Amino acid sequence: AANHTPQITPNRIRTILFGKYEIDPWYSAPYPEEYITHNGILYICEYCFKYMKSYVVLVRHMVKCKCNHPPGDEIYRHDSLSIFEVNGSTNKIYCQNLCLFAKMFLDHKTLYYDVEPFLFYILTEWDNEGCHFVGYFSKEKCSASNFNVSCILTMPTYQRKGYGNFLIEFSYLLSSVEGVLGTPEKPLSDLGLISYRKFWKQRVLEAISDVREPTTITQISSLTGMTNDDVVSALENCNMLRVSEASVDGPPEFYIEIDTEEIENSLKKFNLKPQLRVNPENLCWNPHK
Ligand code: ACO
Ligand code: ZN
């Protein structure tokens, strides 16, 4: 006889189980249809990002999964925080699985399968069980536009604690070792934009405060590793950018109006809350050739 019991259509991931966390996705990700089961839960290994249909399979996998840290090279360590560099060509499956995972929290970027041209920088926090995934950013091995970040993500369970800012600072450290100015790939998400704005503002104000004399946009650019455009937008945000009258024989020029007291006040505000900062001496890394 025909079964007329109403069926719940299993077409959506409601929750993921990831390490000790249950997380609800913000957006849909193209996981294979057969992995989306009736209960709407997807089980993901927190170390290798392998996705599974059931808790039993996950438990069995966790016994076998020998890695309790990301693949690749640990290029930075400070206290319990580490950053691993993972190559999209040598660890293709890991990177593809990571991108699928990230898609659940990123609406506007669509990189899942073509991971070879990218390097992935994975931020983890260590405890006696292993290096737990906190967030990451991806970066093109070779960027014609000097993009130093393609996608950046902090796990929802770790957001608003300064890790995003830490990853952004780290991305600029890599660019400075490479000797280039960097900027994130556009478009930025809303959260990406507010995070970058805050980072840029602090970085520019710190640079101006270090120089302690009149300075130019190009100078700030080379001190911060930020592109001219990003310096200009940060200065605009701080209301420190002025335009000189256009002269007959040339275009109008930008100049910076420094209000030392205002800068010191803003910097104090940044330092009210303890911040995670990158220690350049802890980086052990050579640029990709
Ligand atoms: N509401 C208001 N302000 C916020 C929020 C929020 N939800 N999130 C970040 N900010 C601002 C705050 O000013 C914050 O500083 P504060 O907490 O001292 O006020 C600042 O940004 C930095 O916050 P962090 O804690 O350092 O950043 P977080 O670890 O939360 O990561 C990130 C920021 C990566 C953008 C995170 O929100 C995320 O993963 N979002 C989903 C994915 C995404 O949108 N990524 C960026 C896409 S653009 C690109 O990839 C180039
Ligand atoms: Zn695993």
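Residues numbered from 1 in each chain as written. Chains lettered and ligands numbered in written order. Predicted model: local features only at pLDDT ≥ 70, side-chain atom pairs only at ≥ 80, totals over all residues.

Participant: What is the right way to read the site of ligand 1 from this model?
Facilitator: Around ligand 1, 24 residues are found, and the nearest of them are Thr154, Gly164, Asn165, Ser189 and Gly192. Elements with a minimum of two residues in the shell around ligand 1: β10 (152-154), α3 (163-178) and α4 (190-211). At five residues, α4 tops the list of elements feeding residues into the shell around ligand 1. Tallied by class, residues from the shell around ligand 1 come to eleven nonpolar, eight polar and five charged. (Near = placed C-beta within 6 Å. Helix = DSSP H or I, 4+ residues; strand = E, 2+ residues; numbered from the N terminus. Nonpolar A, V, L, I, M, F, W, Y, C, P; charged D, E, K, R; others polar.)

Participant: What exactly am I supposed to notice about the domain arrangement of the chain here?
Facilitator: One widely used convention gives an interface's size as the accessible area the parts lose upon coming together. Considered domain by domain, the chain is made up of domain 1 (1-66) and domain 2 (196-271). Look at where the C-alpha atoms of domain 1 and domain 2 centre, and you get two points 48 Å apart. (Domains from an automatic or database assignment.)

Participant: For this particular structure, what's the right way to read the sheet that holds strand β8 (residues 131-140)?
Facilitator: Strands pair in a sheet through their backbones, by hydrogen bonds, and they do so in one of two ways: parallel or antiparallel. Spatially, the five strands line up as an open sheet ordered β5-β6-β7-β8-β10, and their pairing is antiparallel. Lying at the two open borders of the sheet, with one neighbouring strand each, are β5 (73-78) and β10. Pairwise comparison of adjacent strand axes, ignoring direction, gives a mean angle of 20° for this sheet. Where strand β7 (residues 118-126) lies against β8, nine bridges are found, and the strand directions are antiparallel. Within β8, the residue paired with phenylalanine 120 across the bridge is serine 138. Lying on the sheet, α3 is in contact with β6 (81-87), β7, β8 and β10; it crosses β8 at an angle near 40°. (Pairing = 2+ DSSP bridges. Axes fitted to C-alpha atoms, helices over the stretch in contact; angles between N-to-C directions. Contact = placed C-beta atoms within 7 Å.)

Participant: How should I be thinking about the sheet that holds strand β3 (residues 41-44) in this particular structure?
Facilitator: Across the sheet, which stays open at both edges, the four strands sit in the order β2-β1-β3-β4 with mixed pairing between neighbours. With one partner strand each, in any of the chains shown, β2 (21-23) and β4 (51-52) form the two edges of the open sheet. Where strand β1 (residues 15-18) lies against β2, three bridges are found, and the strand directions are antiparallel. In the sheet register, leucine 17 faces β2, and the bridge partner there is glutamate 22.

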